[in-house]
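Given next are the chains, with one letter for each unit.
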Amino acid sequence: METTLRGLGVSQGVAIGEVRHMGTVVLEPPAQQVVAEEAGPEQERARQAVAAVAADLMARGELAGSEAKAVLEAQAMMAQDPELIADVERRIAGGSSAARAVYDAFAAYRELLAAAGEYLAGRVADLDDVRDRIVAQLLGVVMPSIPDSDEPYVLVARDLAPADTALLDPSLVLGFVTEEGGPTSHTAILARALGVPAVVALPDAVGLAEGTVVAVDGGNGEIFVNPSDETRARLEASAAERKAAAAASTGPGATADGHRMPLLANVGGPADVAAALEAGAEGVGLFRTEFLFLDDSKNAPSEEKQAEAYRQVLEAFSECRIVVRVLDAGADKPLDFLTPAHEPNPALGVRGLRSLLDHPEILRTQLTALARAAEGLPVGLDVMAPMVADRADAKAFADACREVGLPAKLGAMVEIPSAALRARSILQEVEFLSLGTNDLAQYTFAADRQVGAVSRLQDPWQPALLDLVAMAAEAARAEGRSCGVCGEAAADPLLACVLTGLGVTSLSMGAASIPYVRATLAKYSLAQCEEAAAAARAADSAARARSAARAVLSAE
Ligand code: PEP
Ligand code: MG
């Protein structure tokens, strides 16, 4: 009998196949005692296990490249934290086995993070993953990992660690379903980068029996368990139709009646350039520069290193618009040399532009590196600041850019509701706006973007979020300025039409989504997009907003 479950669709596409679970979680090692003379060899075993896991994570990072690489390298650094290793050795000297010492030392580290107010779901999940890897290595058991199967399958897990998603083989993994995670979690962003359909925040996903056939609709978050022949045929036909339409769509983004909507790519560094060009991106709408900084959380990269990485991206998109975002550290992307260690609430603390204004030398080096990278290139360089709260923030950023003579158009991200509410005043200082809908949702709904339990509020179809988008777009229009969207909302083809109807002027997304957005946008006129936008805003829940827009656009 077919049953339907509902989670949050975070990566477009349809996957039909058998459920395969990640291996079971590493068990708690027994509290076994070691005699004093074995402490030395046991400590050596622990050091070797840590080194092996760190090397494995680095190697996975190399294989995966791009954004995943930075996440995996950060995990490798966690594994090698000298204080953590010292604690493990102390515990072994006190009589613990290596596996137990690692387990307990990580538990203490977790508590330390919690006490310091850094109990961030994302970091803790990464920390647990590192712990499980080291314990598994010491116990000689297989680390929970992607199932060993030659047949394609739908991967089901409580949550997927970056180390796992990074190596998903899209030819074997048809899609994935997780119990945790939200639409803007790292996992969701990586899934989209891989082009694998994904549904997150599905209650009791791990209860799906191994081998059950499911049909996953990564667009609307539906999971059909034991799908009927009719359901399969319907989903397969619509997926095939969408794929064919996406493959056939080329050229610049526009509505059916020719209203231009530049479709730009979100990139994390030079490694993402090829996919962006392949997808026909008309430029870069968000270059997340922090991935360059996450390589080494203790020091900022030199001006030369930065200039070289920026230049590679700028060269690839010469003649195009490239929007570079200056370093957005803090909260889910902490950096030791920038982020305060003892904030009670890091997402509401010193992050984004606030960190840079506290460390003007880091901002100056980055801006100088950008100016150097752009020298002699025919690019339309735009540089924007993350987490701008008000006009004073925008002015401080613009002053810093002018000080180094940066040859760029300056902009502000709208990620804090205050910036949407007072967009016109911010536009007195900078020339364009870019809506970061991931953080804008987080701050509008007071819902941590990394916590699965509040993911309902992270849904970009929430009408309150659409109201703020409309408000910022209208302010930009009144000031004769542009206002794009670079948050994940832009990657949803139907929502992209609604955003167009709300008056935004460009859409930037992961490369894999560009063909789908282009094809869907080309089906409707601007008036239809406006009608869908009005219908969505008139609704009083995300689900109703989506259905109302779909009823107008009669799209998938
Ligand atoms: C956003 O917040 O929407 C955004 C684009 O920035 P990031 O996801 O990198 O925080
Ligand atoms: Mg953001």
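Above: the structure in question.
Here's what I pulled together on the structure shown here. Bear in mind that the values here come from a model prediction, so they are computed numbers and not experimental data.

**Quick word on the nonpolar core**
Right, on to step 1. With 106 residues, the main nonpolar core has Val498 and Leu507 as its most contacted residues.
Right, on to step 2. Sort the elements by how many residues they give to this core and helix α18 (residues 463–478) lands first, with nine residues.
Right, on to step 3. Counting 27 residues, the second largest nonpolar core, distinct from the first, contains Ala49, Val53, Val88 and Ile134.

**Section: the coordination of the magnesium ion (ligand 2)**
Each pair of donors in an ideal four-coordinate tetrahedral metal site encloses 109.5 degrees, whereas pairs in an ideal six-coordinate octahedral site enclose 90 or 180 degrees.
Right, on to step 1. Looking at the magnesium ion (ligand 2), the protein donor atoms are Glu415 (OE) and Asp439 (OD), and they sit 2.0 to 2.1 Å from it. Within this pair, whereas glutamate 415 is found in the loop between β13 (409–414) and α15 (417–421), its partner aspartate 439 is found in helix α17 (residues 437–444), the two being separated by 24 residues in sequence. Accessibility classification places glutamate 415 together with aspartate 439 in one group, the buried group.

**Considering the pattern of salt bridges**
Right, on to step 1. The tally for this structure, following the rule as stated, stands at 32 salt bridges.
Right, on to step 2. One salt bridge connects glutamate 18 with arginine 20, and the closest N-O pair in it is separated by 3.0 Å.
Right, on to step 3. Across the pair arginine 537 and aspartate 467 runs a salt bridge whose closest N-O atoms are separated by 2.7 Å. In this pair, arginine 537 sits in helix α21 (residues 526–538) while aspartate 467 sits in helix α18, placing the two residues 70 residues apart along the sequence.
Right, on to step 4. What you see here is one network of salt bridges that share partners, running through Glu290, Arg325, Asp328, Arg351, Asp439 and Arg449.

**Details of the site of ligand 1**
Right, on to step 1. Close contacts around ligand 1 come from 14 residues, with Arg288, Glu415, Gly436, Asn438 and Arg449 the closest.
Right, on to step 2. Asparagine 438 places a polar main-chain atom, nitrogen or oxygen, 2.7 Å from an oxygen atom of ligand 1.
Right, on to step 3. Taking arginine 449, its side chain carries an N or O atom lying 2.8 Å from an oxygen atom of ligand 1.
Right, on to step 4. Mapped onto the shell around ligand 1, the elements with two or more residues apiece are β10 (283–288) and α17.
Right, on to step 5. It is α17 that provides the largest number of residues to the shell around ligand 1, a total of three residues.
Right, on to step 6. Of the residues that constitute the shell around ligand 1, the class distribution is three nonpolar, four polar and seven charged.

**Concerning empty space enclosed by the protein**
Using a probe with the size of a water molecule, rolled over the atoms, empty space left in the structure can be pinpointed.
Right, on to step 1. Counted by the stated rule, this structure contains eight cavities of 30 Å³ or more.
Right, on to step 2. One number sums up the size of the largest cavity: a volume of about 250 Å³.
Right, on to step 3. Gly9, Arg192, Pro460, Glu488 and Asp492 are, among the 22 residues lining the largest cavity, the residues nearest its centre.
Right, on to step 4. Mapped onto the lining of the largest cavity, the elements with two or more residues apiece are β2 (8–11) and α17.
Right, on to step 5. For the lining of the largest cavity, the element with the highest residue contribution is β2, accounting for four residues.
Right, on to step 6. Lining the lining of the largest cavity are residues from two domains, each supplying at least three of them: domain 1 (3–24 + 145–227) and domain 3 (253–525).

**Structural notes on the packing of α21 against helix α22 (residues 542–553)**
Right, on to step 1. Viewed as axis vectors pointing N to C, α21 and α22 meet at an angle of 155°, and their least axial separation amounts to 8 Å. In terms of orientation, α21 lies roughly antiparallel with respect to α22. Regarding α21 and α22, the two cross each other, and that crossing is right-handed. Where α21 approaches α22, its residues Gln528, Cys529, Glu531, Ala532, Ala535 and Ala536 are matched on the opposing element by Ala545, Ala548, Ala549, Val552 and Leu553.

**Here's the deal with the sheet that holds strand β1 (residues 3–6)**
Right, on to step 1. Reading across the sheet, the eight strands line up as β1-β8-β7-β3-β4-β5-β6-β2 and stay open at both edges, with mixed pairing between neighbours. In the strand order of this sheet, the two ends are held by β1 and β2, each with one partner. Averaged over all adjacent pairs, the angle separating strand axes in this sheet is 30°, with direction ignored.
Right, on to step 2. Sheet topology note: the β2/strand β6 (residues 198–200) ladder contains three bridges and is antiparallel. Counted as the bridge partner of glycine 9 is valine 199 from β6.
Right, on to step 3. Against the sheet, helix α8 (residues 229–248) touches β3 (14–21), β7 (213–217) and β8 (222–225), its axis set at about 120° to β3.

Procedures and definitions
Residues numbered from 1 in each chain as written. Chains lettered and ligands numbered in written order. Predicted model: local features only at pLDDT ≥ 70, side-chain atom pairs only at ≥ 80, totals over all residues. Heavy atoms only, no water. Core = buried A, V, L, I, M, F, W, Y, C linked by side-chain atoms within 4.5 Å. Buried < 20%, exposed > 50% of the residue type's maximum accessible area, 1.4 Å probe, protein only. Helix = DSSP H or I, 4+ residues; strand = E, 2+ residues; numbered from the N terminus. Donors = N, O, S within 2.8 Å, 3.2 Å for Na, K, Ca; no water. Salt bridge = Lys/Arg side-chain N within 4 Å of Asp/Glu carboxyl O. Near = heavy atom within 4 Å. Polar contact = N/O pair within 3.5 Å; in protein donor to acceptor, adjacent residues only side chain to side chain. Nonpolar A, V, L, I, M, F, W, Y, C, P; charged D, E, K, R; others polar. 1 Å grid on protein atoms, 1.4 Å probe; cavity = no way out; pocket = protein on both sides within 12 Å on 5 of 7 lines; lining within 4 Å. Points joined across faces, edges and corners; volume = space filled by probe spheres on them. Domains from an automatic or database assignment. Axes fitted to C-alpha atoms, helices over the stretch in contact; angles between N-to-C directions. Parallel < 35°, antiparallel > 145°, perpendicular 65-115°, else oblique. Left-handed = near helix turned anticlockwise from the far one by under 90°. Contact = heavy atoms within 4.5 Å. Pairing = 2+ DSSP bridges.

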